[in-house]
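If you want the building blocks of each chain, they are given just below.
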Amino acid sequence: MKLTDLPDSRGHFGPYGGIFVAETLMAALDELRVEYEKARQDPAFKAEFEYELKHYVGRPSPVYHAKRLSEQYGGAQIFLKREDLIHPGAHKINNTIGQALLARRMGKKRVIAETGAGQHGVASATVAARYGMECVVYMGAEDVIRQAPNVFRMKLLGATVVPVSSGSKTLKDALNEAMRDWVTNVESTFYILGTAAGPHPYPMLVRDFQCVIGRECITQMPELTGRQPDVVIACVGGGSNAIGIFHPYIPFEGVRLIGVEAGGSGIASGRHAAPLSAGTPGVLHGFRSYLMQDENGQIIETHSVSAGLDYPGVGPEHSYLKDAGRAEYVAINDDDALAAFHDLCRYEGIIPALESSHAVAHAKKLAPTLGRDQIILVNLSGRGDKDIDTVAKLSGITL
Amino acid sequence: MSRIGQTFIALKAHNKKALIPFITAGDPGKGLTVPLMHALVEAGADIIELGVPFSDPMADGPVIQRASERALANKVGLRDVLAMTAEFRKINTTTPVVLMGYANPVEHMGYETFAQAAKEAGVDGVLTVDIPPEESHGVADVFKAAGLDPIFLLSPTTPESRVEQVVAAAGGFIYYVSLKGVTGSANLDMDEVAQKIAMIRAHCSLPVGVGFGIRDAATAEAVARIADAVVVGSRIVSEIETAPEGEVINRVRTLVQDLRRGVDAASK
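Residues numbered from 1 in each chain as written. Chains lettered and ligands numbered in written order. Predicted model: local features only at pLDDT ≥ 70, side-chain atom pairs only at ≥ 80, totals over all residues. Heavy atoms only, no water.

*Asks:* How should I be thinking about the overall build of chain B in this particular structure?
*Replies:* Scanning chain B for helices and strands turns up 12 helices and 9 strands. Rg of the C-alpha trace for chain B: 17 Å, near the compact-globule value of 18 Å for 268 residues, within the 12% margin. If you line up chain B on its principal axes, its C-alpha atoms span 45 × 40 × 35 Å. Across the 268 residues that make up chain B, the buried fraction comes to 64%. Intrachain contacts of chain B at a sequence separation of at least 6 include 73% that bridge at least 24 residues. Working note: accessible area of chain B is about 9,900 Å², and carbon and sulfur atoms make up 52% of it. Across chain B, the centroid of the 25 positively charged side chains sits 5 Å from that of the 32 negatively charged ones. (Helix = DSSP H or I, 4+ residues; strand = E, 2+ residues; numbered from the N terminus. Rg over C-alpha atoms; globule rule 2.2 N^0.38 Å. Buried < 20%, exposed > 50% of the residue type's maximum accessible area, 1.4 Å probe, protein only. Contact = heavy atoms within 4.5 Å. Areas by Shrake-Rupley, 256 points an atom, 1.4 Å probe, with all protein chains shown as cover. Lys, Arg positive; Asp, Glu negative; His and termini not counted. Charge placed at Lys NZ, Arg CZ, Asp CG, Glu CD.)

If you want it as structure tokens, here you go:
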């Protein structure tokens, strides 16, 4: 089977993925799978999705040659896929538009979502307002504090934000709570899952909606440079921006794909969020994938300066691409991500999301090892306005 | 025949229904689980459901989630739960024990290793909430081969077309989750539950237990009139949570005796 043909009909990417949920959700997931199959074959659905991406979101997002940054880093030329420029500031909207259109097709008037950094929450609240749906967003209580601007944005957009105080009070606990809401309100509610993870068909449909990123690059890179890049780099939390840019590039065998996980205080410290770099396979949140877990199979609390990467699992397709050797996965520590954040501010006039800064930081390491004629394409998955409080605090500044 | 199967046959012979209380292993303390299990039996439990703590209990409500968090704070893992069951078996060799939990701790130990260890410890059935038959890929067979009954859930959202598939993989009894929602949710519609159970029985010769939403003798009696077994979880765990130190076992015993009276009233 070709890498691009996955998942199989039951959502498996080799040993990964699948549907590991309680019985109450089985029928809802089956309904979603059937409805999505119909939708993807419906030209009207595709046309509406594309219309919305163009006229509401502002796609295609540009690819930009970061010349000053490339010069500063020395070596390969760095290009940025500017997902930070689309409405409302990150790649997450590609997926929420797709899922909201599905929800409308299925007659669901209420949508729920989980969020870490708040980007997916904002993207969900945005589409709920756009299509006139009720929206409830679950967010870890710790994230509610460190991402206060996004919480207010969601409220402005009419969403209800529910802080989740169980467990580690971060993304994984928000996901648990969203699943609980769904299991209780399964007939009236559509769960807009924010990353290419969770039970089938979510990893597949989120990937499909996000693949617009990579497809655009495949057209844009030859226009700009006459060819495809040598390396594509993207940050990986759950992994939706990464799979969105990687997947269309899988058949381009000369293109190296590198996913960057959150190294937190360093892999050796144990305080990180890098399951592909330092985890083992297991089952969480409805699917099998690499996980951060202890010797009893309990999920370990993760640590990252970036709330959006602070997750102990990873989308199943990334686990498969790692084992198959088609993509490489590395970890970048908080400090290096912050340095890259400042680099992009000062050399290019772009304030990137802390998540995306991890990808830039790896480009900083890799570029000097490559020739000046080589090309690195970094997926700049979101903008960093939401992170200025965090960065100020780390710099000892009170806003 | 398994201890679970024998238990249901013996109950039927006496025209009685099964009472299946649930507690989370390691809650409120590591040393209290085995004494609590014996107290449950003395108070009238026919089968004990022992929760394996997990860090991310997605299908549970806040009451059982907090129990899981307390047990994890007491450093209770799957191996400890097996050791507790073995300890219980030193005195009680007749009451079936069903482990209820999530896939990952079992997957991490390895399904075959777990199945052997569980059988040796005296476990009779295993319910992994987040492994539906579609994903069991022989897991149910591994359990059966080791002499463990794989318990599966059916829910109000299960279409009739799926029931047979679930039943084919199942052993011991069928656990009908009587409500949409997580554990600890409220208010049962008995007519609806009765209709669903009739549908399940048409496809299934295994005994059918009902859980979710049973909180006192009256609801236990109502469920016992239509099901073969009454499963009570959150109500008992909540009693454990709120009982003053030193009073936990007495409070649980009183509550389970009351539930027993309710279940038995259905047979009169």
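Moving on from the coordinates now.
*Asks:* What is the right way to look at the sheet that holds strand β8 (residues 189-191) of chain A in this model?
*Replies:* Hydrogen bonding along the main chain pairs the strands of a sheet, whether they run parallel or antiparallel. All names here are of chain A. Pairing within the open sheet is parallel, and its 4 strands lie in the order β7-β6-β5-β8. Strands with a single pairing partner mark the edges of an open sheet, and in this sheet they are β7 (160-164) and β8. Within the sheet, the average angular offset between the axes of one strand and its neighbour, ignoring direction, is 25°. Pairing geometry for strand β6 (residues 134-140) and β7, over 5 bridges, is parallel. Bridge pairing in β7 links Met139 to Pro163. (Pairing = 2+ DSSP bridges. Axes fitted to C-alpha atoms, helices over the stretch in contact; angles between N-to-C directions.)

*Asks:* Help me understand helix α15 (residues 354-366) of chain A, please; the structure alone is not making it clear to me.
*Replies:* Each full turn of the α-helix corresponds to 3.6 residues, which orients residues three or four apart in the same direction. Residue and element names in this part refer to chain A. Its 13 residues give α15 an end-to-end C-alpha distance of 19 Å, which sits within 8% of 18 Å, the value for a rise of 1.5 Å per residue. For α15, the buried fraction is high: 11 of the 13 residues fall into the buried class. Three or more residues of α15 are buried, namely Leu354, Glu355, Ser356, Ser357, His358, Ala359, Val360, Ala361, His362, Ala363 and Leu366. (Expected span 1.5 Å × (residues − 1).)

*Asks:* Just checking my understanding: could you explain the pairing of strand β14 (residues 375-380) of chain A for this structure?
*Replies:* Side chains on a regular strand alternate between the two faces of the sheet. Residues and elements named next belong to chain A. In terms of burial, β14 is a largely internal element, 6 of the 6 residues being buried. Of the two faces of β14, the one holding Ile375, Leu377 and Asn379 and the one holding Ile376, Val378 and Leu380 are both buried throughout. Of the pairings in the sheet, the one linking strand β9 (residues 231-235) to β14 comprises 3 bridges and is parallel in character. Looking across to β14, one finds that Val232 is bridged to Leu377.

*Asks:* I would appreciate a short explanation of the interface of chain A and chain B in the present structure.
*Replies:* Reports of interface size often rely on the accessible area that becomes lost once the parts have come together. Across the boundary between the two partners, chain A contributes 37 residues, which contact 39 residues of chain B. Surface buried jointly by chain A and chain B totals about 3,000 Å² across both partners, of which 49% is contributed by carbon and sulfur atoms. The largest contributions to the chain A side of the interface with chain B come from Glu23, Arg180 and Gln298 of chain A, which together make up 23% of the buried area. The interface formed by chain A and chain B contains 3 salt bridges. Counting only elements with at least two residues in the side of chain A that touches chain B, the list comes to α1 (23-40), α8 (171-184), β11 (280-284) and β12 (287-291) of chain A. When residues in the side of chain A that touches chain B are grouped by element, the largest group, 7 residues, is from α8 of chain A. The class makeup of the residues in the side of chain A that touches chain B is 13 nonpolar, 15 polar and 9 charged. (Buried area = accessible area lost by both parts, 1.4 Å probe. Salt bridge = Lys/Arg side-chain N within 4 Å of Asp/Glu carboxyl O. Nonpolar A, V, L, I, M, F, W, Y, C, P; charged D, E, K, R; others polar.)

*Asks:* So what exactly am I meant to see when it comes to the packing of helix α14 (residues 334-348) of chain A against α15 of chain A here?
*Replies:* How two helices pack is summed up by the angle between their axes together with the distance between the axes. Residues and elements named next belong to chain A. For the pair α14 and α15, the least separation of the axes is 7 Å and the interaxial angle reads 90°. Considering the angle they form, α14 stands roughly perpendicular to α15. Of α15, the residues touching α14 (which contributes Asp336, Ala337, Leu338, Ala339, Ala340, Phe341, Asp343 and Leu344) are Leu354, Ser357, His358, Val360, Ala361, Lys364 and Lys365. By residue class, the composition of the contact of α14 with α15 is 9 nonpolar, 2 polar and 4 charged. (Parallel < 35°, antiparallel > 145°, perpendicular 65-115°, else oblique.)

*Asks:* It is not clear to me how helix α1 (residues 3-13) of chain B should be interpreted in this structure. Could you clarify?
*Replies:* Residue and element names in this part refer to chain B. Within α1, the full set of buried residues consists of Ile4, Gly5, Thr7, Phe8 and Leu11. The buried side chains of α1 occupy one side of the element, clustering within an arc of 160° when seen end-on. Residues of α1 that are buried make contact with β1 (18-24), β3 (97-101), β4 (125-128), β5 (149-150) and β9 (229-232). Trailing α1 by a residue or two, Asn15 shows a phi angle of about 55°, which is positive. (Arc of directions from axis to C-beta.)

*Asks:* Mind showing me how you'd approach the nonpolar core here?
*Replies:* Ranked by size, the top nonpolar core spans 106 residues in total, and within it Leu99, Phe114, Phe143, Tyr175 and Ile236 of chain B carry the most contacts. Residues Tyr16, Ile86, Leu193 and Ile243 of chain A belong to the second largest nonpolar core, which totals 89 residues. (Core = buried A, V, L, I, M, F, W, Y, C linked by side-chain atoms within 4.5 Å.)

*Asks:* Would you mind going over the packing of aromatic side chains with me for this structure?
*Replies:* Pairs of aromatic rings are described using the distance from one ring centre to the other and the angle between the two planes. All names here are of chain A. In total, this model carries 11 aromatic pairs over all chains according to the counting rule given. Look at Phe45 and Phe209: their rings are 6.5 Å apart centre to centre, the planes differ by 45°, and that puts the pair in the tilted class. Within this pair, whereas Phe45 is found in helix α2 (residues 43-57), its partner Phe209 is found in helix α9 (residues 202-210), the two being separated by 164 residues in sequence. Taken as a pair, Phe45 and Phe209 share a single burial class, namely buried. Members of the aromatic cluster, each reached through a chain of ring pairs, are Tyr36, Phe45, Phe49 and Phe209. One Lys or Arg, Arg82, reaches over the ring of Tyr64 and ends 5.9 Å from the middle of that ring. Residue placement shows Lys322 over the ring face of Tyr290; its charged tip is 5.4 Å from the ring centre. (Phe/Tyr/Trp six-rings, centres within 6.5 Å; stacked < 30°, edge-to-face > 60°. Lys NZ or Arg CZ within 6 Å of the ring centre and 35° of its normal.)

*Asks:* Is there a simple way to explain the environment of Lys90 of chain B in this structure?
*Replies:* Topologically, Lys90 of chain B is positioned in the loop between α4 (78-89) and β3. Spatially, the C-alpha atom of Lys90 of chain B lies 26 Å from that of Phe54 of chain B, the residues being 36 residues apart in sequence.

*Asks:* Would you explain the domain arrangement of chain A in this entry?
*Replies:* All names here are of chain A. The assigned domain composition of chain A is domain 1 (3-53 + 92-206) and domain 2 (58-89 + 211-394). Between domain 1 and domain 2, the C-alpha centre-to-centre distance is 22 Å. The interface is formed by 42 residues belonging to domain 1 together with 48 residues belonging to domain 2. Of the roughly 3,600 Å² buried between domain 1 and domain 2, counting both surfaces, carbon and sulfur atoms make up 62%. Viewed at the interface, domain 2 and domain 1 are joined by 0 salt bridges. Where domain 1 meets domain 2, there are 13 residue pairs in polar contact (both at pLDDT 80 or more). Elements with a contribution of two residues or more to the side of domain 1 that touches domain 2: β2 (16-17), α4 (92-105), α5 (119-131), α6 (141-146), α7 (148-156), α8 and α9. Considering each element in turn, the side of domain 1 that touches domain 2 owes the most residues, 5 residues, to α8. (Domains from an automatic or database assignment. Polar contact = N/O pair within 3.5 Å; in protein donor to acceptor, adjacent residues only side chain to side chain.)

*Asks:* Where do I start with unusual backbone geometry in this structure?
*Replies:* Excluding glycine, a negative phi dihedral is what most residues carry, and trans is how most peptide bonds are arranged. The linkage connecting His87 of chain A with the following residue, Pro88 of chain A, adopts the cis geometry, with an omega of -10°. For Pro88 of chain A, the location among the structural elements is in the loop between β4 (77-82) and α4. For the peptide bond that leads from His200 of chain A to Pro201 of chain A, omega is 10°, which places it in the cis range. For Pro201 of chain A, the location among the structural elements is in the loop between β8 and α9. One non-glycine residue with positive phi stands out, namely Lys169 of chain A, at about 60°. Note that Lys169 of chain A resides in the loop between β7 and α8. Lys169 of chain A gets classed as partly exposed once you look at its relative accessible area, which sits at 33%. With a phi angle near 85°, Phe212 of chain B is a residue other than glycine that sits in the positive phi range. You can see Phe212 of chain B is positioned in the loop between β8 (208-211) and α10 (217-226).

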